[in-house]
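Inside the fold
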Amino acid sequence: MSNTVHIAAAINKKYLPYFSVMVSSVFRHRDPNRNYIVHVLSANVTLDDLKIAVPYADEQFAIELVDVSDVNERFKTFDFGPFFGPECVYRLSLGALLP
């Protein structure tokens, strides 16, 4: 069993407060003997945004911003409707986006 837990979150700037709460809960309840990497898939969230949302990240609890530009390019003409955005398809591309 790997000692690293990988978590993926597809978010935008509007979702940052909810993401912060989710990651805070994972951080508080984590196994201290394991490492965690939270992979953030976003087109408009910056590293500075993530540092504010998750100020407690460290060597055992890392936050990684994933480049989704290829996914955005493939779906730029797709109509997501009024309730969904491009973030809903980022999860479908996890296999191509993450090592």
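Residues numbered from 1 in each chain as written. Predicted model: local features only at pLDDT ≥ 70, side-chain atom pairs only at ≥ 80, totals over all residues. Heavy atoms only, no water.

**Regarding the sheet that holds strand S1 (residues 4-10)**
Read across the sheet, three strands follow the order S1-S2-S3 without closing on themselves; strand pairing throughout is parallel. The sheet is open, and its two borders are formed by S1 and strand S3 (61-66), each paired with just one other strand. Here the strands of the sheet are splayed against their neighbours by 20° on average, with no regard to which way each runs. Alignment of strand S2 (residues 35-41) against S3, held across six bridges, turns out to be parallel. Bridge assignment links Val38 to a residue of S3, and that residue is Ile63. (Pairing = 2+ DSSP bridges. Helix = DSSP H or I, 4+ residues; strand = E, 2+ residues; numbered from the N terminus. Axes fitted to C-alpha atoms, helices over the stretch in contact; angles between N-to-C directions.)

**A short note on helix H1 (residues 16-28)**
Helical geometry note: an α-helix holds 3.6 residues per turn, so side chains three or four residues apart project in the same direction. Taking 1.5 Å of rise per residue, the 13 residues of H1 would be expected to cover 18 Å, and the 18 Å separating its terminal C-alpha atoms lies within 8% of that figure. If you check which residues of H1 are buried, you get Leu16, Phe19, Val23, Ser24 and Phe27. Down the axis of H1, the sector holding all buried residues measures 135°, keeping them to one side. Those residues of H1 that are exposed and aimed more than 90 degrees away from the buried face are Pro17, Tyr18, Val21 and Arg28. Here the buried face of H1 lies against S1, S2, helix H2 (47-53) and S3. (Expected span 1.5 Å × (residues − 1). Buried < 20%, exposed > 50% of the residue type's maximum accessible area, 1.4 Å probe, protein only. Arc of directions from axis to C-beta. Contact = heavy atoms within 4.5 Å.)

**Here's the deal with the side chain of His39**
When you line up the elements, His39 lands in strand S2. Reaching out from His39, the side chain makes a polar contact with the side chain of His6 at a distance of 2.8 Å. Residues within four places of His39 in sequence aside, it is in contact with His6, Ile7, Ala8, Ala9, Glu64, Val66 and Leu98. (Polar contact = N/O pair within 3.5 Å; in protein donor to acceptor, adjacent residues only side chain to side chain.)

**A word on the side chain of Asp49**
In this fold, Asp49 is placed in helix H2. In this structure the side chain of Asp49 is engaged in a polar contact, spanning 2.5 Å, whose partner is the side chain of Lys13. In this view, Asp49 contacts Lys13, Leu16 and Asn44; residues no more than four positions away in its chain are not counted.

**Thoughts on the pattern of salt bridges**
For the coordinates displayed, the defined rule picks out one salt bridge. Lys13 is the partner of Asp49 in a salt bridge, and the nearest nitrogen-oxygen pair spans 2.5 Å. With Asp49 in helix H2 and Lys13 in the loop between S1 and H1, this pair connects stretches of sequence that are 36 residues apart. Given a relative accessible area of 18%, Asp49 falls into the buried group. Residue Lys13 is classed as partly exposed on the basis of its relative accessible area of 39%. (Salt bridge = Lys/Arg side-chain N within 4 Å of Asp/Glu carboxyl O.)

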